[in-house]
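# Structural characterization, general
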Amino acid sequence: MHLLKRNLLAMALFCLVFTSCSKEDVIENEAAKYEIDLSIVQKNNTEMSSRVLDLVNIHRKSIGLAPLQSDNAYASAYAVEHTEYMIDVDKVNHDNFGYRNQALQYHGAESVGENVAFGYDSPEKVVAAWLNSPGHRDVIEGNYTHTGFGFIPDAKGRMYFTQLFYRK
């Protein structure tokens, strides 16, 4: 019996030593968790998002806030990914916002906000709707420096919108 305990202890120690993760493994796992194909940004309606950025920045300037800079990399990729998800489930939502928040923080953001919408046919209408909603207005007027866009039509041509905001 004593020999069996000693063998089990040796096996446990062996497993512990040879299966522990190094710091590099943890960093690689974290990076893999937030990998995203940046080329999906090409799916975004750049004409519409450019106009939304102009309108949002006009509003921000009118109340003394600094303009937002467009992020056509990570913020837009995560926005496009979420917009595609909303199209797939046929529902406007903030599902998995925690993931987008963590992902952008992993890539250097200090804080993150998000506005979503559906069905508007012009940048002016979607921005007006957001500004007329206290929660959406708070995000637009938030302490952010950058923004990314995922504005995509579904198969019926109806527009879905995700705009991510973050501070660096």
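By the naming in an unreviewed UniProt entry, the chain is CAP domain-containing protein, taken from Aequorivita echinoideorum.

Along its length, the chain carries seven helices and four strands. Helices and strands appear in the chain in the N-to-C order α-α-α-β-α-α-β-α-α-β-β. Intrachain contacts of the chain at a sequence separation of at least 6 include 71% that bridge at least 24 residues. Carbon and sulfur atoms make up 56% of the accessible area of the chain, which amounts to about 9,800 Å² in all.

Structurally, the position occupied by E114 is in strand β2 (residues 111–118). Among the polar contacts made by the side chain of E114, one reaches the side chain of H94 at a distance of 2.6 Å. A polar atom in the side chain of E114 sits 2.7 Å from the side chain of R100. Those residues in contact with E114 that lie beyond four places of it in its chain are H82, H94, F97, R100, V139, T162, Q163, L164 and F165.

Quick look at the pattern of salt bridges now. One pass over the structure, following the stated rule, counts eight salt bridges. In this structure, E124 engages R51 in a salt bridge whose closest nitrogen and oxygen atoms are separated by 2.8 Å. Separated by 73 residues along the polypeptide, E124 in helix α6 (residues 123–131) and R51 in helix α3 (residues 46–62) bring together distant segments of the chain. Take R51: its relative accessible area is 32%, and that puts it in the partly exposed class. The partner of R137 in a salt bridge is E141, with the nearest N and O atoms 3.0 Å apart. Within the structure, one salt-bridge network assembled from shared partners comprises D90, D154 and R158.

Calculation criteria
Residues numbered from 1 in each chain as written. Predicted model: local features only at pLDDT ≥ 70, side-chain atom pairs only at ≥ 80, totals over all residues. Heavy atoms only, no water. Helix = DSSP H or I, 4+ residues; strand = E, 2+ residues; numbered from the N terminus. Contact = heavy atoms within 4.5 Å. Areas by Shrake-Rupley, 256 points an atom, 1.4 Å probe, with all protein chains shown as cover. Polar contact = N/O pair within 3.5 Å; in protein donor to acceptor, adjacent residues only side chain to side chain. Salt bridge = Lys/Arg side-chain N within 4 Å of Asp/Glu carboxyl O. Buried < 20%, exposed > 50% of the residue type's maximum accessible area, 1.4 Å probe, protein only.

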